[in-house]
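Per-entry structural report
Take a look at the letters that make up each chain.
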Amino acid sequence: MASLFEKINTLVSASLHGLVDRALQANSVQVLDEYIRQVERNLEELEESTANVGGTVKTLRRKYEEFTEAANKLDSNIDSLLVAGKDDLAMAAQSQLNTKKQLAQEYYQQWEEQNKQYELMLGMRSKLQSRLISIKQEREHLIGLMQLMESKRIAAKTMKSLDQISTVGDAE
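Here we summarise the structure given alongside this text. (Residues numbered from 1 in each chain as written. Predicted model: local features only at pLDDT ≥ 70, side-chain atom pairs only at ≥ 80, totals over all residues. Heavy atoms only, no water.)

Points about the overall build of the chain
When its secondary structure is counted, the chain shows three helices and zero strands. When its helices and strands are written in sequence order, the chain yields α-α-α. Across the 172 residues in the chain, those meeting the buried criterion constitute 15%. (Helix = DSSP H or I, 4+ residues; strand = E, 2+ residues; numbered from the N terminus. Buried < 20%, exposed > 50% of the residue type's maximum accessible area, 1.4 Å probe, protein only.)

A short note on the packing of aromatic side chains
The final tally for this structure, using the stated rule, is four aromatic pairs. Seen in terms of ring centroids, Tyr 108 and Trp 111 are 5.6 Å apart; in terms of plane orientation they differ by 75 degrees. Their pairing is edge-to-face. Within this pair, Tyr 108 and its partner Trp 111 are both found in helix 3 (residues 87–171), separated by three residues, close to a single helical turn. An aromatic cluster is built from Tyr 64, Tyr 108 and Trp 111, whose rings are joined through pairwise contacts. (Phe/Tyr/Trp six-rings, centres within 6.5 Å; stacked < 30°, edge-to-face > 60°.)

Quick notes on the environment of Thr 50
Tracing the chain through its elements places Thr 50 in helix 2 (residues 28–83). According to the relative accessible area criterion, Thr 50 is buried, its value standing at 2%. Excluding residues that lie within four positions of it along the chain, Thr 50 makes contacts with Tyr 118, Met 121 and Leu 122. (Contact = heavy atoms within 4.5 Å.)

Description of the nonpolar core
Residues Ala 71, Leu 74, Ile 78, Leu 81, Ala 90, Ala 93 and Leu 97 constitute the largest nonpolar core, which totals seven residues. Per-element tally for this core: the top contributor is helix 2, with four residues. (Core = buried A, V, L, I, M, F, W, Y, C linked by side-chain atoms within 4.5 Å.)

Structural notes on the pattern of salt bridges
Scanning all chains against the criterion turns up 10 salt bridges. For Arg 62, the salt bridge goes to Glu 66, with nearest N and O atoms at 3.6 Å. Here Glu 66 and Arg 62 lie together in helix 2, a separation of four residues that amounts to about one turn. Look at Arg 62 and you get partly exposed, because its relative accessible area is 43%. A salt bridge links Arg 153 to Glu 150; its shortest N-O distance comes to 2.5 Å. With Arg 153 and Glu 150 both in helix 3 and three residues apart, the pair spans about one turn of that helix. Note on Arg 153: relative accessible area 46%, which makes it partly exposed. Look at Glu 150 and you get partly exposed, because its relative accessible area is 34%. (Salt bridge = Lys/Arg side-chain N within 4 Å of Asp/Glu carboxyl O.)

Structure below.
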């Protein structure tokens with residue numbers, strides 16, 4: 001019983017695929033137009049996402065630089081405090097230094113990871129833009145071929161009509 005349903009399913013699926021294929025062939029320019037619109041929407045979404053990630057990368061880099069600079073100042077202050085004999089203040093500053101160095105390291109790691117993602121997204125954007133240009137060129141080529149095909153069809157029809165006209169006079 002299951003094999004009968006599988007066969008029916010296969011038959012229906014094949015029929016639907018054939019129907020879709022014929023629709024695609026009949027409206028190939030419209031199908032390409034829809035595909036172009038989809039690619040353009042995807043490109044817009046990718047560009048928005050890329051801009052957001054790019055902003056995050058800049059923010060993370062700025063935070064890393066701020067915490068690194070603050071850590072360097074604290075390190076210098078600790079040296080001054082130790083020379084002045086203020087060991088208790090130097091210990092407190094050392095704790096702050098350790099925290100700032102840790103935060104700077106975390107921001108650096110996040111910055112590096114986000115920057116890699118950003119670079120990948122830029123690459124994907126370039127590939128998608130290239131694909132869009134290619135599809136638009138294919139569309140124009142297809143339109144040219146369809147016009148050529150239509151011209152050949154009209155020329156063949158005209159030649160056939162001329163042949164029929166010329167044979168009509170020969171029969172008399």
